[in-house]
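Observations on chain architecture
Residues per chain, in single letters:
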Amino acid sequence: MMTISDLSVGYGAGDVLHSVDITAASGELTVILGANGSGKSTLFRTVSGLLRPSSGRVEFDGEEITRSRSAAIVRRGLAHCPEGRHLFPRMSVEKNLTLGAYVGRRDRARVRTLLERSYELFPALRDKSHQSAGSLSGGQQQMVAIGRALMSDPKMLILDEPSMGLAPLVTQQVFDAIVGINREGIGVMLAEQNARSALTIATTGYVLAEGRVVLSGPAADLADNPAVQQAYLGV
Amino acid sequence: MLLEVRGLGKAFGGLHAVRDVDFDVPEGCVTAIIGPNGAGKSTLFNLMAGFYRPTAGTVIFDGKDITGMQPHQTVRAGIARTFQTTHLFEGASVLDNVRAACVVRSSSNALDAVLHTPRHRRDERRSLDTSMSELEFVGVAHLRDEIASTLPQEAQKRISIAQALATEPRLLLLDEPAAGTNDEETEAFGALIREIVARGVTVCLVEHKMSMVMNLADQIVVLDHGQRIAVGSPDDIRSNPLVIEAYLGADADTTGATT
Amino acid sequence: GGDGGGGSSDGETLVIGYSAGISGGAAEYGLNVQNGLQMAVDELNAEGVEVDGKKYTLKLESLDDQYQPSTTGTNAQRLVQKEGAKIVFVPHAGGIKAAQELNTTRDKFLLGAYSSDPDILASGNELTVMIPPSFVSYIDPFIEQLDTKGTGKLGLLTTSSEFGQEWTKAATASWKKAGGTVLDNNNIDYGSVSDFAGPVSKTLAGKPDVILVGGPSQPTALVIEEARKQGYKGAFMIIDQAKFEELEKFTDPKNLNDSVGIAPLTEFDGTEDFITRYQDKFSSDKPVNADIALNYQALPVFVEAMKSAGSVDDPQAIRDAMPEAVKNVDDKFKVAFAPDQISDNGHLRSDGLKAAYRNDKGKYETFPIDQPKD
Amino acid sequence: MTLFIQQLINGLALGGIYCLAAIGLTLVFGVLGFPNLAHGALFMVGGYVTYTLLVDVGLPYVVAIVCAALILAVIGVVFERLIFHPLRNAPHTHHMIATVGVMFFLISLVQEIWGSGFLRMESPFDGRLTVAGAQISSQRIIIIITAMVVLIALTLFLKRSVHGQAIEAIEQDRTGAALVGINANVVSMMTFAVSFALVAISAGLVAPIQLLSPGMGESLSLIVFAIIILGGLGSLPGAIIGGFFIAMAEVMASTYISVGAGQAAVFIVLMAVLAIKPTGLFGTVVQR
Amino acid sequence: MTTLLRPRLLGVILIAIAFLVAPMLVSGQPYLLRIVTTAAIYAIAAYGLNIILGLTGQLSLAHGAFFGVGAYIVGLATTDHDWSFWTAFVVAILATTILGYASGLIALRTQGAYFAIFTMALGFLIYIIIIRWETVTHAHSGVSGIKLPESIGPLDFSDPVVLYYLVLLFLAGAAYSTHAILHSNAGRSLVAIRTSEDLAKSIGVNVGVSKQLAYTASAGLAGLAGGLFATLNGFIGADSAAIDLTFQFLLFLLIGGMGTVMGPVVGSVLVAFLFEMLQDLESYRFIVLGPIIVLLVIFAPRGIVGYLNEFLSSHRSRRASPPPGRGPDGRGPDGHSGSGTGQDNALDRPHAASGAAATSEGGL
Ligand SMILES: Nc1ncnc2c1ncn2[C@@H]1O[C@H](COP(=O)(O)OP(=O)(O)OP(=O)(O)O)[C@@H](O)[C@H]1O
Ligand SMILES: Nc1ncnc2c1ncn2[C@@H]1O[C@H](COP(=O)(O)OP(=O)(O)OP(=O)(O)O)[C@@H](O)[C@H]1O
Ligand SMILES: [Mg+2]
Ligand SMILES: [Mg+2]
């Protein structure tokens, strides 16, 4: 479903990602691990069109999207829940969520269903639906961000550290939800610091270090890999 | 007691984000505040640091009533805080970010600067020294000339701790210092916090990473829906059914995630 | 052209300076005055200018000051020091006053002041020549001309500029002296008010018999029109900044009936030729008004004074020669109420000055204006 | 009493003028994050374009206004591409200064093309009505009605279509907007087009009771800023209420106090409102 | 460090020398001296604006009016009330400072665009008072016959060159103060406010008082410049309090570089000469000037001095990193650059660049 080949990206000076190759088959749950600053968010920003790569290629659903605009990429069915959330702070929670369905806004009924799904996933948001997103607590905002990404009814979802700032209970719920979403046939690509949980639910994993893929393979293998255990699982 | 919170409350319109909260922060300890998302932890910090004006209750710091003080007054009094989403002066260098925080301990003013008085020079020298030593303390001195906002999250978090320390606080409020870090890095933050406490700074901590909380905290305050539902030692809290239901989850695995 | 200076056939270049608002919102007036001067320059050059046995080519050097007095000051200095001008024309009172701060102290230059506000001579600046008739000379004859003869109620609705307000003050005093009452001053900034209806309504509410209006001609026309539309039947007294010939173009001329103002240029004998020449030269179909004519007539007086004084660069000498020069100007430079004398304090005057009353048939009845002897 | 009614109607008409001019500004505020200081100049350009279409080309009045609106819409798109798109990540002060540059340019350009003199534009609607002894011209009635219609249509458009929300989203977080699939380029071009078209319509309506001159927009734009700030930036109802409120304050203060007071009323009202509510009447509070 | 110090110091020294010898260079062309003097006066006002806008990040549009108030106080006091220039001048500075303080109490309650428009309204109100309060200000007639400064010892200020040096003295004072403040705790507090008010609060900056002081000081500087302007011209009209003047100051700052030490003076002088050169284009000059302004904002948003500073410090920085925050498509890494306001992002650069100066004490 998504093929990233030979991708290099930078912020002006030198590259931050160097010739990265990643493949995520359709319907798979791929996890990207990596220490701070290893380039996970940079990778995601590039895939979703927020950054232009200096070289390489991104294919999604059989078509090249390397130089497409974010808006076009979302319309193709790739949703990105970014690091830093990027909510619309002065809009209500509900508006944030419905705007998440911007590309599919014509199908009113579907939007309502999706909205309902978000509320079911994060019941805390239902009470807050008319409060401005900027006034929510950090964790609640994270929930809105995830919910908003889901609202576009994507074929594939990329989540940048979704568990950040969430209470343990909710973290567990979010992981369950991710699994659920994945079962529906939606591909998921996940960057996560909570490597243990992530590897449990993932099918495939990649490990980034200093902008390069240093390890990859089935998630279960990675979980058994001593190098991963030492670096990410604190064993 | 370094800090005494009595009957503290904050309402936003009809919503009671914090309601009737009592607790004490003993000097030289780590007090953790935990609770579900939206429980009112950050709001509580904002109340303690003077960012919000309480709608009820009092905050006593070191025997002095600081309820309703402005942030610059509480900082001067000795309370420093970091933000939940890391917040640095964008575009400024790491050193400048920390140096800016020395303002509160300086006695020289603009006139001193214009006249280049000895007081001004002394302050300048001192603020440079303080900032460098704080940067070294948190372990990012080598990044001093980098533009802070381009650094990885973890480095930024350290810088903001250095910034808070540069105000020479007696009480440091850390809002989710370890969010978005992996286990190894979380460990490192834990170690840093221990060093801070060893320096004699009392720490108040909001965190969702139970591994860190359980390892560090001497006392834990649990909030839910703005109210204090429990307070006690890590062991008490771990087994408190109220807390498990509201926060930790019956799945003991989550707590077990502690190394 | 003698642009580079010193061409042998044309002789030396003699720069005449000019600073006014020639860009931006209210540039038209500045450009009118400029054209009047330019026309005189060209005709004088065609005839040949010779002072003290040397030939000169006149050149009008214009700078834009957007009617901002401090810029006028800078411009005047530039014109004098860089371009070598000894005469600088300025057509707005603020700029004139700013230039007066310079022309006798730091730089000596003769100031061709085109403003009918007598205040510009009050400071006693020796190197200022006031070109147009003083507006004060119009007020009593205007009042006299109207049916009410100053006994009824006078509404005040002029532009809020300095000039409009000086006029208003003087008119108020005269009207009261004649025994009438004066209503509230509802002056408005003609250039910037979005809708004149409010102030007009307010003025009409006082039931005036005569309304004093005026500012730039075109908005004046709109103010008059608005008053007529709101049912006003009385007379207008129009300050000399607005010109009948321009007002006619901007509103149904019927609205102007029963008004006094300065006479249209066409009401003077022998002006057709000048008007045609002007319109050809600047390929313009706009009315040719007194501002243009007065400046056109004034410049030759200055040049004649240079000839009499035998100097092109001693402003004081040129000024001193003016009383004599004003009588020697060639008739071809006389259009209408051409200056024929200059007062001691530097005011160019004419005996042929006339104003006009537009009667209810739309005909202009002209009447003479005497200029008071200081 | 007649005076009061007369002034009430005058105030309404003036309010209509202000409103029409203000809504375009509010719209673009959403995208720019700052008031477009060239708005007054665009108002003027709209007036001149309408004039040319009406007088030189000979189109009927209403057609001329519509065509002018289209032309201005195109100009809006061009400006967005050339100036504001490259500046989209710059601080707001830079937008503001760029709009000052645009303002200088437009004023002098108009002067070169149409001359600096006043021009008069006639409207076919030159009758008038008498209401309770007060006189009011048809053109003013048309202004009031058009203002209402445009306001209602625009409110519906922004409410019904998601365009309004898209503008808001872009203003609040450009990245977030991109990630939900909003094409910021298209939206901001559209917004510029609509805003500029609106300004052309208002100029076409107002010009007959005013005069065309290169400076006609200058004073208006100051007042219009006051209005959108008074109402709360980006708020449509705010712009409407602000527009009528300020117009009434201006007319009534100059009627019952003095002309100077009328002139100052706008700014005094604005400052008083901001002193009490620093984010305008309808402004939202920004959380930390 | 020394290699870096040199070009910066050199720049300052060159500018200083240029100003000192300017009267010799333009001797015989007093009007050029007048232009330079006027530019220097405007630069002082621009330093005022620099404090509140460049350092503190609050866009105040009342500065033209404060300038006008200073000018009118000197003008009216020395003519209608026959005060000595010096008394009037001191009073003008005090009065504008007080006016700044008082208006700041209300104005600073507002933020962002609201603050900008509030101050614009304030400026316009002052302008209206000047043109409407005829009995005191002479409204449109303006004030003429304003006194030159009375001689002090051998210094005879009726000599334009002496007057020029008087202005220069104040200009140097303004520039030096800006430098000193920028590299002090007080300055760092202001810059902190510009970047993020919340963060500034959390490190103990008294945001309210700091802003209030900055605004007050900047109003005082504008008033001082206005007083000098009145005496230089001898005549003032309401145009010396108009909003256009504020825009001019803004232009100077923008071209020179906001938040920098030498920006205001470089901008003022450059624009003065640009205007002078464009004079010959007459009415076309705004057709040229408008696009120049737009191009500058797009391509050189940090101004000349800001650009130079950045250039110099990028040489210094070990890792020669170009300005961050722009992705390859010119978009920020995440559009609105992560946390904080994002608003004054680019404004920071001059300071960020002189971040190096924090240790070197250099920086233009
Ligand atoms: N806006 C920026 N400008 C310049 N460099 C940047 C920027 N954002 C990130 N970088 C650099 O790019 C590298 C990769 O950062 P990135 O944010 O992609 O890492 P990450 O793996 O997501 O880390 P984290 O766990 O902190 O989210 C880091 O070295 C960082 O300093
Ligand atoms: N300015 C505000 N206006 C309205 N409601 C607010 C405001 N600030 C906070 N709240 C509400 O108060 C409650 C407590 O928020 P707070 O940020 O203190 O939670 P928290 O405990 O820090 O949660 P998290 O762990 O998710 O950060 C939330 O429900 C939030 O929506
Ligand atoms: Mg990341
Ligand atoms: Mg929180």
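Values in this document were obtained by computation on a predicted structure and should not be read as measured data. (Residues numbered from 1 in each chain as written. Chains lettered and ligands numbered in written order. Predicted model: local features only at pLDDT ≥ 70, side-chain atom pairs only at ≥ 80, totals over all residues. Heavy atoms only, no water.)

**What to know about the overall build of chain E**
Our working definition: Helix and strand assignments come from DSSP, with helices taken as H or I runs of at least 4 residues and strands as E runs of at least 2, each series counted from the N terminus. The contact definition used throughout considers only heavy atoms, calling two residues in contact when any of these lie within 4.5 Å. Using a 1.4 Å probe, accessible areas were evaluated by the Shrake-Rupley method; residue-level cover was limited to the displayed protein chains.
Summing up its helical and strand segments, chain E has 16 helices and two strands in all. Taking the contacts inside chain E whose residues are at least 6 apart along the sequence as the reference set, 78% of them involve residues at least 24 apart. Looking at chain E as shown, the accessible area adds up to about 12100 Å², and 70% of this sits on carbon and sulfur atoms.

**Concerning the interface of chain E and chain D**
Selection criterion: Buried area, as used here, totals the accessible surface that two parts lose on assembly, with accessibility defined by a 1.4 Å probe and the loss added over both. We define a salt bridge as a contact between a side-chain nitrogen of Lys or Arg and a carboxyl oxygen of Asp or Glu at a distance within 4 Å. Side-chain atoms alone can form a polar contact between residues adjacent in sequence; in general such a contact is a pair of N or O atoms within 3.5 Å, and within protein one must be able to donate a hydrogen while the other accepts it.
Contact with chain E, which involves 47 residues of that partner, is made by 54 residues of chain D. Buried surface at the junction of chain E and chain D, summed over both partners, amounts to about 4300 Å²; 74% is from carbon and sulfur atoms. At the junction of chain E and chain D, the tally comes to zero salt bridges. Between chain E and chain D we count one residue pair in polar contact (both at pLDDT 80 or more) in total.

**Comments concerning the coordination of the magnesium ion (ligand 4)**
Residue and element names in this part refer to chain B. What counts, and what does not: Note on donors: an N, O or S atom is included if it sits within 2.8 Å of the metal, or within 3.2 Å for Na, K and Ca, and water is never included, so sites can look incomplete. Each residue gets one of three labels from its accessible area relative to the maximum for its type: buried under 20%, exposed over 50%, partly exposed in between, using a 1.4 Å probe on protein chains only.
The protein atoms donating to the magnesium ion (ligand 4) are Ser-42 (OG) and Gln-84 (OE1), with metal-donor distances spanning 1.9 to 2.2 Å. Of this pair, Ser-42 sits in helix α1 (residues 41–48) while Gln-84 sits in the loop between β6 (79–81) and α3 (94–100); the two residues are 42 residues apart in sequence, bridging distant segments of the chain. For Ser-42, a relative accessible area of 21% puts it in the partly exposed group. Its relative accessible area of 16% is what places Gln-84 among the buried residues.

**Some remarks on the site of ligand 1**
Quick note on the threshold: Being near a molecule or strand, for a residue, means having at least one of its heavy atoms within 4 Å of it. Side-chain classes are defined by residue name, with Ala, Val, Leu, Ile, Met, Phe, Trp, Tyr, Cys and Pro counting as nonpolar, Asp, Glu, Lys and Arg as charged, and the others, Gly among them, as polar.
Lining the immediate surroundings of ligand 1 are 19 residues, of which Asn-36, Ser-41, Thr-42 and Glu-83 of chain A together with Thr-150 of chain B lie closest. Ligand 1 is flanked by residues contributed from chains A, B and E. Between ligand 1 and Gly-39 of chain A, the relevant distance is 2.9 Å, taken from an oxygen atom to a main-chain nitrogen or oxygen of the residue. A total of 630 Å² of accessible area belongs to ligand 1 in isolation, and the protein chains cover 86% of it. Of the residues belonging to the shell around ligand 1, the class tally is six nonpolar, nine polar and four charged.

**A few points about a nonpolar patch on the surface**
Residues and elements named next belong to chain E. Rules: Two joining distances apply to patches: 9 Å for like charges and 5 Å for nonpolar side chains (Val, Leu, Ile, Met, Phe, Trp, Tyr), and every residue must have over 30% relative accessible area and no salt bridge.
Where nonpolar side chains cluster on the molecular surface, the patch consists of Leu-9, Ile-13, Ile-17, Leu-20, Val-21, Met-24 and Leu-25 and spans about 660 Å² of accessible area. Along the chain, Ile-17 falls in helix α1 (residues 2–25). According to the relative accessible area criterion, Ile-17 is partly exposed, its value standing at 43%.

**Some words on helix α6 (residues 138–151) of chain A**
Residue and element names in this part refer to chain A. As a reminder of what qualifies: Take the residue count of a helix, subtract one, and multiply by 1.5 Å to get its expected span.
With 14 residues, α6 extends 20 Å between its outermost C-alpha atoms, agreeing within 8% with the 20 Å of an ideal straight helix rising 1.5 Å per residue. The buried fraction of α6 amounts to 14 of the 14 residues, a majority that puts the element mostly inside the structure. Positive phi appears at Asp-153, one or two residues downstream of α6, with a value of about 55°.

**Section: the arrangement of the chains**
Considering every one of the eight pairs of chains in contact, the largest contact total is recorded for chains D and E. For chain A and chain C, which are not in contact, the least C-alpha distance works out to 36 Å. Spatially, chain B and chain C are disjoint, and the shortest separation between their C-alpha atoms is 33 Å.

**A closer look at the sheet that holds strand β7 (residues 153–158) of chain C**
Residues and elements named next belong to chain C. Here is the rule we go by: A pair of strands is treated as paired once DSSP finds two or more bridges between them. Axis definition: a line fit to C-alpha positions, over the contact stretch in the case of helices; interaxial angles, taken between N-to-C directions, run 0 to 180 degrees.
With respect to topology, seven strands assemble into an open sheet ordered β8-β7-β9-β10-β11-β14-β15, the strand pairing being mixed. In this open sheet, the two edge strands, each paired with only one partner strand, are β8 (181–185) and β15 (364–368). With direction set aside, neighbouring strand axes in the sheet form an average angle of 25°. Of the pairings in the sheet, the one linking β7 to strand β9 (residues 210–214) comprises five bridges and is parallel in character. The residue bridging Leu-156 from the neighbouring strand is Leu-212, located in β9.

**Section: the sheet that holds strand β6 (residues 128–130) of chain C**
Residues and elements named next belong to chain C. One open sheet accounts for six strands, arranged β2-β3-β1-β4-β5-β6; its pairing is mixed. Since the sheet does not close on itself, it has two edges, and those belong to β2 (49–51) and β6, each with one partner. This sheet shows a mean twist of 30° between the axes of neighbouring strands, independent of strand direction. Taken together, the three bridges between β2 and strand β3 (residues 54–64) define a ladder with antiparallel strand orientation. Each residue of the ladder has a partner; that of Val-49, found in β3, is Tyr-56. Contacts between helix α11 (residues 290–309) and the sheet are confined to β1 (12–20), β2, β3, β4 (87–90), β5 (110–113) and β6, with β4 contributing the most and set at about 165° to the helix.

**Notes on the side chain of Asp-112 of chain B**
All names here are of chain B. Turning to its location among the elements, Asp-112 is positioned in helix α4 (residues 110–115). Within the structure, Asp-112 has its side chain in polar contact with the side chain of Thr-117 (distance 3.0 Å). Setting aside residues no more than four positions away along its own chain, Asp-112 makes contact with Ser-107, Thr-117, Arg-119 and His-120.

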